[in-house]
Amino acid sequence: MHTTAGAVDGGIVGRIRALLPDLPEAQRTTAALILDDPAAAARMTILDLADACKVSTGSITRFCRTLALPGYSALRLALASDTGRSEQETWQANIGRDISEKDDIRLVASAISAGVRHAVGATLAAIDLDAVEQAASAIARAPRVEICGAGGSGSMGAEFQQRVYRIGVPAWSWSDTQVALTGAALLGPDDVLLALSHSGRTREVTDLAAEAASRGATTVAVVGDLDSPLARRVDLVLATTVPDDGPGHHTVLSRHAQMAVLDLLYIAIAQRTYDQSTEAMAATSEAVRPYKHE
């Protein structure tokens, strides 16, 4: 008795992948082409697929029967179902569940606005302000500040480094892990390492925090999970709050939450170094003034 595509564990693509090593050569060719681009295969007629694989239509039909499908039409439907589900999951993982590919741009703008307000508001309402003040004081007096993060968090760290460097804070941010470890190894008891990781489970960032801690430096983390290895490793935790059920995508909104924390930290540092900061801002503004267009 034939089974339906929906009854196949992991979908038809998963079934094909599992059977691939044991298929006859002609069917293996067909399977490999389908696995390379299931969505494209779902749009092919049986003649198109046979030509692409350089096999007969009979070979395609036998391949369908190997998959416990009644014929090529069932295979196309199963592939379309699988790829549609995969595309939707990919979309939701990167964009979010509350924005569809067909939404009007006004709805998209509204969803983003609501999501950012929600993430930033929740973060600043819940953050440990005492920890922010302690972190700002440590950074303000530190002879050296190392900033680290991976991926999007790394970009946020690099931007923060540029901001505090402009007000006279001796800060460095590295994209190369080995160079960053070298910097962490040079820290001392008066220095600070600022680590950024939404999950708090990025190994490189946690290792950097551990290295800095072993040198006696103050370690600070902007992190979204208080139970994460990074949060447990550092001296001061500046937590972001991005509810899973909030509007917008969790990973995207975490960047806005991180930036809100970094904005707060930056201003707290500038307050503690007011004379130095105002003098440095004036000097740097004058230095770049000839290169700015009115």
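For the structure, see preceding data.
Note that the structure is predicted; figures quoted are calculated from it, not measured.

Looking only at helices and strands, the protein chain features 14 helices and 5 strands. For the protein chain, buried positions account for 39% of its 294 residues. Accessible surface computed for the protein chain: about 15,900 Å², of which carbon and sulfur atoms make up 53%.

Applying the stated criterion across every chain, the model contains 0 aromatic pairs. Over the ring of Trp 172 we find Arg 144; its NZ or CZ atom is 4.1 Å from the centre of that ring. The side chain of Arg 163 reaches across the aromatic face of Tyr 266, ending 4.3 Å from its centre.

With respect to burial, strand S4 (residues 218–223) is a largely interior element, 5 of its 6 residues being buried. Sheet topology places strand S3 (residues 192–197) next to S4; 6 bridges connect them, and they run parallel. Its bridge partner being in S4, Leu 193 is matched across the sheet by Thr 219. In this region the chain leaves S3, passes through helix H11 (residues 203–214) and returns to the parallel neighbour S4; the handedness of that crossover is right-handed. Both S4 and strand S5 (residues 236–239) contribute to a ladder of 4 bridges, which runs parallel.

What follows covers unusual backbone geometry. With phi around 60 degrees, Lys 54 is a residue other than glycine that occupies positive phi space. With respect to the secondary-structure elements, Lys 54 resides in the loop between helix H4 (46–53) and helix H5 (57–66).

A word on the pairing of S3. The element S3 is extensively covered by neighbouring structure, given that 6 of its 6 residues are classed as buried. On S3, burial covers both faces: Val 192, Leu 194 and Leu 196 on one face and Leu 193, Ala 195 and Ser 197 on the other are all buried. Here strand S1 (residues 145–149) pairs with S3 via 5 bridges, running parallel. Paired with Ile 147 across the two strands is Leu 194, which belongs to S3.

This next bit is on the side chain of Thr 30. Following the sequence through the fold, Thr 30 ends up in helix H2 (residues 25–36). Those residues in contact with Thr 30 that sit more than four places away from it in its chain are Leu 49, Cys 53, Val 55, Ile 60 and Phe 63.

Once that is clear, we can look at the packing of H2 against H5. H5 packs onto H2 with a crossing angle of 75 degrees between their chain directions and a minimal axis gap of 9 Å. By the angle between their directions, the pair H2 and H5 is classed as roughly perpendicular. Contacts from Ala 26, Gln 27, Thr 30, Ala 31 and Ile 34 of H2 reach H5 at Ser 59, Ile 60, Arg 62, Phe 63 and Thr 66. Among the residues forming the contact of H2 with H5, the class breakdown is 5 nonpolar, 4 polar and 1 charged.

Spatially, 5 strands are ordered S2-S1-S3-S4-S5 in an open sheet, and the strand pairing comes out parallel. Two strands lie at the open edges of the sheet, namely strand S2 (171–173) and S5, each paired on one side alone. Pairs of neighbouring strands in the sheet enclose a mean axial angle of 20 degrees, with direction left out of account. In this sheet, S2 lies alongside S1 in parallel orientation, the contact comprising 3 bridges. If you follow Glu 146 over to S2, its bridge partner there is Trp 172. Against the sheet, helix H9 (residues 152–166) contacts S1, S2 and S3, and its axis sits at roughly 155 degrees relative to S2. Packing of H11 onto the sheet brings it into contact with S1, S3 and S4, and relative to S3 it is tilted by some 165 degrees.

Ranked by size, the top nonpolar core spans 31 residues in total, and within it Val 145, Phe 160, Val 169, Leu 194, Leu 238, Leu 265 and Ile 269 carry the most contacts. Examining the composition of this core, we find that 8 residues originate from one element, helix H13 (residues 250–272), more than from any other. With residues up to four places along the chain from it excluded, the contact list for Val 169 reads Ile 139, Val 145, Val 164, Ile 269 and Gln 276.

Residue position: Thr 218 is located in strand S4. Exposure remark for Thr 218: the relative accessible area of 22% places this residue in the partly exposed category. Sequence separation between Thr 218 and Gly 188 is 30 residues, and the spatial gap between their C-alpha atoms is 8.7 Å. Excluding anything up to four places from it in sequence, Thr 218 contacts Ala 138, Asp 191, Val 192, Leu 193, Asp 235 and Leu 236.

So, how was this worked out
- Residues numbered from 1 in each chain as written.
- Predicted model: local features only at pLDDT ≥ 70, side-chain atom pairs only at ≥ 80, totals over all residues.
- Heavy atoms only, no water.
- Helix = DSSP H or I, 4+ residues; strand = E, 2+ residues; numbered from the N terminus.
- Buried < 20%, exposed > 50% of the residue type's maximum accessible area, 1.4 Å probe, protein only.
- Areas by Shrake-Rupley, 256 points an atom, 1.4 Å probe, with all protein chains shown as cover.
- Phe/Tyr/Trp six-rings, centres within 6.5 Å; stacked < 30°, edge-to-face > 60°.
- Lys NZ or Arg CZ within 6 Å of the ring centre and 35° of its normal.
- Pairing = 2+ DSSP bridges.
- Right-handed = clockwise from strand over helix to strand, strands pointing away.
- Contact = heavy atoms within 4.5 Å.
- Axes fitted to C-alpha atoms, helices over the stretch in contact; angles between N-to-C directions.
- Parallel < 35°, antiparallel > 145°, perpendicular 65-115°, else oblique.
- Nonpolar A, V, L, I, M, F, W, Y, C, P; charged D, E, K, R; others polar.
- Core = buried A, V, L, I, M, F, W, Y, C linked by side-chain atoms within 4.5 Å.

Function cannot be inferred from these measures alone, as they are strictly geometric.
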